[in-house]
Structures are given as C-alpha cells and as structure tokens.
Amino acid sequence: MLRLKHLFPRVPARTYRVLAIESSCDDSAVCLVNRPPNGPPILEDHLKATLDSAKDGGIIPIEALSHHLQNIAPVVDTLMRKNGQPKVDLVCATQGPGMYSSLAAGLQVAKGLSIAWKVPFVPVHHMLAHLLTPRFFTNAESPQFPFLSLLVSGGHTMLVLSKSLFNHEILVNTLDNSIGNSLDKCGRHLGITGTMIGKELDSFIGDWDTVDFSVLPQDISVPLPLEREKKRVLNFSFAHFASLMPRFEKTYNWSPLSEQPQELRRALGAKIEDTMFTHLVRKIMIALESRPDIPIPIPLLCAGGVAANSRLRTRLTSDLEPYGLHSSFVPLKWCTDNALMIAWAGIETFEANNSVGSRASLGAEPKAKWPLSEYSDHS
Ligand code: KG4
Ligand code: ZN
C-alpha cells in the first residue's frame, strides 16, 4: 500500500510556525506559535472569543455552534492580519473530546487552511493537550514521563498515568458529573452568576483564612462520596454535591439560598469546595496504594479549568507532597481552554511522528467521546 505519509514533509530542521484552533466547547481560540529547531517554543499571539452563556445558565450546543461559526474565521483573519500575514507551516485543531458541532466548526476551518496553504494538518486530543501544557513552558523538559495528571475541568475529572506521549492510563474517573460541572451548579444555587461560575465562586470565597465557618448550622454535614462502596472506591463522584443544595434550602429554611447573608453563602461554598478537594485527595491516595508499580516520587500535574482554584492548589501540595507526589500546576492563564495547548500538543505529536500526518488527517471527524486511554499515534 502506498504510504501517503512519505508524501509529506519531515519535521523541518528550521524554525516553523504553527496556527492552532481550539473549539471543543464555548471558546473560539486561535494562536500562532513559533518553533525554533533547538530552542523553546515562542507564543507569538493568542486570541479568543468566548460565548456569553450567562443568560442560558449553561452552554447550549446549538448556541455554541452559532458562536463558532460567527467567530472562528474572523478571529483567524484578525490574528493573521495583526501579525502581518506570516507564513504558517503547520495547522492544528482540536478533534475531541467535546461538543460534536463545536469541534466540527474548528476542524473544518483548520482543514481548509491546511489545504489552501499546502501545509500539514494535525488533529489534537483536547485532554492530552491539557496535560502537556506545562511542557510548552519547559520545552518538553518537565514533567518527564512517567507522570501523573489530575485533569479537572468542566467536562472531565480524572487521574491519569502517562508513560509516554501515546500511552495514557486512566487510574480514576468520575462516575457521574465532572468537578467543574458540580462546582458550577453549586455556585448557581449560592447566587453566583457569570460564564465561569467556578472561577467566580473562587473569587467570592476569597481569602480562606477569613471564612467564618461558625455561621453554618452545627449539624450541617457535607458527606464524602463513595466512602462505603468498596467496589467503587476507585472512582470520583460529584453529582451528590449539587443535590445537597435544595436539601439544605429545605432543612434550614434557606429558600432561596441565593438570598441568604453573604457570610453564610461564603462559608457553605467553602465547605463544599473543600469537601470536593478532600474527595480528590483521598481517591488519589487510594489509587496509589493499589498500584505499587507506580514509581514514587512522581510528578503530579494538575490541569484543566478547576486547576486555577487557589484552594485546590494549596490542598494538593500540602496533602500529597509528604507521599512523594510533587504537585505542579499549569500557569493560571492557560488552565482554562485555549489554543496554546492545542499548538503544543500538535507540535509534540508532529515531532514524535517525524512527519506529519497522512492525508487521512484531512478526513478527521470530530470525536465527542474519546477516552485518553484510547489515544495512540494511529488515532
Ligand atoms: O478546562 P475548562 O476551561 O473547560 C473544559 O474543558 O471543561 O474548564 C472549565 C471549568 C468550569 O467548570 C469553571 O467553572 C471551572 O473550570 N473553573 C474554576 C476556576 N476557574 C475555572 N473552578 C474553580 N476555581 C477556579 N478558579
Ligand atoms: Zn478543557
């Protein structure tokens, strides 16, 4: 069979430029990255247009699609004009997981650019991109494989063991909601508004040292999920946190909770957040106990939108460092979805394969569901 791969250029020995598009959810993000042959990558520019979903109380797929159709091409055009229409050598875009129609919008623009510019196209796994992001800033020096990643976003909550670029094992996954989704639901009950509720809740709680937990009823309890079910110990679960809120409203006559005094809402928000983080820490420790083959010490990278949370950062470092898990975090600005992470994952894939893509990549379809454990260089 004709190996079409060989019809495409090898990784250039010179500096090459990458244009990347991220559109898996509600962000139309585009960037330009310069990749020198021996030096660290340089972010030339990054632009992003985010759907305003505050009025809808969540992201509606058709609204997200309409947003991408209206924004991706103009954002690419602005980026290219702003940077003097530079020559681009590689195009990357998110293939999945995410919302099918949102992914399709970004993929189609990227494939069109790749054909028009006669340059290779690399489809990218969104969660792989989250966990590789810190390697952009260290030119792939840190973290080194193998490493653990705690991926905490609006769509996912998982602990992953990455042995190489193409070998990822999911050690713990969520049985129901993601932590971000549950935080957003709890935040809405507490009267927090905006497009990124978890972030707004983080600011609303503010300095943890000044939270007054004594304003909460003495008998209030926020139980840790999956502590008793022996068979299900190696899972996360976040659905029950959101279901506690209407229960509290009823039990304590707080209806609606959103109109209760600020200090009470602040203390309740903090108590719920902290219990969620204890749940993360406990399951990470159980996962490690059950896998003596995992070498300790090992880096633990925390990525995804919720990794921006200040309290989570403190908890992971203080609770897990004594067990040989060296926590590190994606820089705040790059925790939530962005195109830089897509450019970098595309670069790592491109260079690992030593040639880009085959023409098959132009036929890449959106993958709404795409477990990281199924990602390989033949994906
Ligand atoms: O990774 P991301 O931008 O999008 C997905 O791929 O899902 O994550 C978005 C999630 C939202 O649930 C948002 O509320 C949450 O990340 N988030 C935060 C913070 N910043 C964003 N949650 C807690 N604390 C924050 N500072
Ligand atoms: Zn994400």
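The preceding data block contains the structure.
Residues take numbers from 1 onward in each chain, read along the sequence in its written order. A letter from A marks each chain and a number from 1 marks each ligand, given out in the order of writing. Where totals are concerned, whole chains, interfaces and linings use all residues; where local detail is concerned, this predicted model gives features only for residues with pLDDT of at least 70, and gives and counts side-chain atom pairs only at 80 or more. Working from all heavy atoms in the structure, the side-chain values ignore hydrogens and water.

A.B. asks: Any details on the overall build of the protein? Residues and values, ideally.
C.D. replies: Broken down by element type, the protein carries nine helices and eleven strands. For the C-alpha atoms alone, the extent of the protein along its principal axes is close to 70 × 50 × 35 Å. Relative accessibility under 20% of the residue-type maximum defines a buried residue, over 50% an exposed one, and the middle range a partly exposed one, all with a 1.4 Å probe and only protein chains included. Looking at the 379 residues of the protein, the share that counts as buried comes to 51%. It only takes one pair of heavy atoms within 4.5 Å for two residues to be counted as in contact. Counting only contacts in the protein whose residues sit at least 6 apart along the sequence, the fraction spanning at least 24 positions is 73%. Strands here are runs of E lasting at least two residues and helices are runs of H or I lasting at least four, both read from the DSSP assignment and numbered beginning at the N terminus.

A.B. asks: Please provide a residue-by-residue account of the sheet that holds strand β8 (residues 167-174), values included.
C.D. replies: The strand order β9-β8-β7-β6-β10-β11 describes an open sheet built from six strands, whose pairing is mixed. Only two strands of the sheet have a single partner each, and these edge strands are β9 (235-236) and β11 (325-329). A pair of strands is considered paired only if DSSP assigns at least 2 bridges between the two.

A.B. asks: So what about the sheet that holds strand β4 (residues 90-96)? Which residues, and what values?
C.D. replies: The mixed open sheet is built from five strands, whose spatial order is β3-β2-β1-β4-β5. In this open sheet, the two edge strands, each paired with only one partner strand, are β3 (42-50) and β5 (121-125). For this sheet, the mean angle separating the axes of adjacent strands, direction not counted, is 20 degrees. Axis angles are defined between N-to-C directions and span 0 to 180 degrees, where every axis is a line fitted to C-alpha atoms and, for a helix, only to the segment in contact. Where helix α9 (residues 340-353) meets the sheet, it contacts β1 (16-22), β2 (27-35), β3, β4 and β5, and its direction lies at approximately 125 degrees from that of β1.

A.B. asks: So, the environment of Met-196: which residues are in play, and what are the values?
C.D. replies: Looking at the element boundaries, Met-196 is found in the loop between α4 (179-189) and α5 (197-205). Once the C-alpha coordinates of Met-196 and Phe-236 are considered, the two residues, 40 residues apart in sequence, prove to be 22 Å apart.

A.B. asks: Got a sec to walk through the site of ligand 1? Specific residues and values, please.
C.D. replies: Near ligand 1 you find 20 residues, and of these Gly-154, Asp-184, Gly-198, Asp-202 and Gly-305 are the closest. Taking Gly-305, its main chain carries an N or O atom lying 3.0 Å from an oxygen atom of ligand 1. Whenever a nitrogen or oxygen atom comes within 3.5 Å of another N or O atom, the pair is scored as a polar contact, on the condition that within protein one atom can donate a hydrogen and the other can accept it, and that pairs from neighbouring residues in sequence are kept only if both atoms are in side chains. Residue Asn-309 places a side-chain N or O atom 3.1 Å away from a nitrogen atom belonging to ligand 1. Here the accessible surface of atoms and residues is derived via Shrake-Rupley with a 1.4 Å probe, and residues count as covered only by protein chains that are part of the display. A total of 550 Å² of accessible area belongs to ligand 1 in isolation, and the protein chains cover 92% of it. Only α3 (126-137), α4 and α5 provide two or more residues apiece to the shell around ligand 1. Considering every element that reaches the shell around ligand 1, the biggest residue donor is α5, with four residues. Proximity is defined per residue: any heavy atom of the residue falling within 4 Å of a molecule or strand makes that residue near it.

A.B. asks: Residue-level account of the side chain of Thr-157, with values.
C.D. replies: With respect to the helices and strands, the residue Thr-157 is situated in strand β7 (residues 157-164). A distance of 2.8 Å separates a polar side-chain atom of Thr-157 from the backbone nitrogen of Ile-179.

A.B. asks: Which residues make up the coordination of the zinc ion (ligand 2), and what are the values?
C.D. replies: Each metal site lists N, O and S donors within 2.8 Å (3.2 Å for Na, K and Ca). With water left out of the atoms, a site can look as if it is missing ligands. The coordination sphere of the zinc ion (ligand 2), as far as protein atoms go, consists of His-126 (NE2), His-130 (NE2) and Asp-337 (OD), spread over 2.1 to 2.2 Å. Just to be clear on the cut-offs, tetrahedral is four donors with all angles between 85 and 135 degrees, square planar is four donors and octahedral six with opposite donors over 155 degrees apart and all others between 65 and 115, and anything else goes down as irregular. One can describe the site at the zinc ion (ligand 2) as irregular: its four donor atoms subtend angles covering 92 to 153 degrees at the metal. Counting the intervening residues between successive donors of the zinc ion (ligand 2) yields the motif H-x3-H-x206-D. Highlighted residues: His-126 and His-130, both in helix α3, separated by four residues, approximately one helical turn.

A.B. asks: Could you give me a rundown of the pairing of β2, with the residues and numbers involved?
C.D. replies: The buried count for β2 comes to nine of nine residues, which makes it a mostly enclosed element. Burial along β2 is two-sided: Asp-27, Ala-29, Cys-31, Val-33 and Arg-35 and Ser-28, Val-30, Leu-32 and Asn-34, pointing in opposite directions, are all buried. Pairing of β1 with β2, which is carried by seven bridges, proceeds in the antiparallel orientation. What sits directly across from Val-18, in β2, is Val-33. With antiparallel pairing between neighbouring strands as the criterion, β1 and β2 make up a hairpin whose turn holds four residues. Across eight bridges, β2 lies against β3 in antiparallel orientation. Along β3, the bridge assignment pairs Val-33 with Leu-43. Taking the residues between adjacent antiparallel strands as the criterion, β2 and β3 are bridged by six residues.

A.B. asks: Which residues make up the pattern of salt bridges, and what values go with them?
C.D. replies: The term salt bridge refers to a side-chain nitrogen of Lys or Arg lying within 4 Å of a carboxyl oxygen of Asp or Glu. In this structure the tally under the stated criterion is 16 salt bridges. A salt bridge links Arg-14 to Asp-89; the shortest N-O distance between them is 3.3 Å. You can see Arg-14 sitting in the segment before β1 and its partner Asp-89 sitting in the loop between α1 (61-82) and β4, a full 75 residues away along the chain. Take Arg-14: its relative accessible area is 45%, and that puts it in the partly exposed class.

A.B. asks: Tell me about the environment of Ile-42, residues and numbers included.
C.D. replies: Following the sequence through the fold, Ile-42 ends up in strand β3. A C-alpha to C-alpha distance of 15 Å links Ile-42 and Glu-141, two positions 99 residues apart in sequence. Ignoring anything within four residues of it in the chain, the contact list for Ile-42 reads Leu-32, Val-33, Asn-34, Pro-36 and Phe-136.

A.B. asks: Would you mind going over the pairing of β4 in detail, with residue names and values included?
C.D. replies: Of all seven residues in β4, seven are buried; the element is thus mostly enclosed. Consider the strands pointing away from the viewer: the crossover is right-handed when the path from the first strand over the helix to the second runs clockwise. The parallel pair β4 and β5, bridged by helix α2 (residues 100-117), forms a crossover whose chirality is right-handed.

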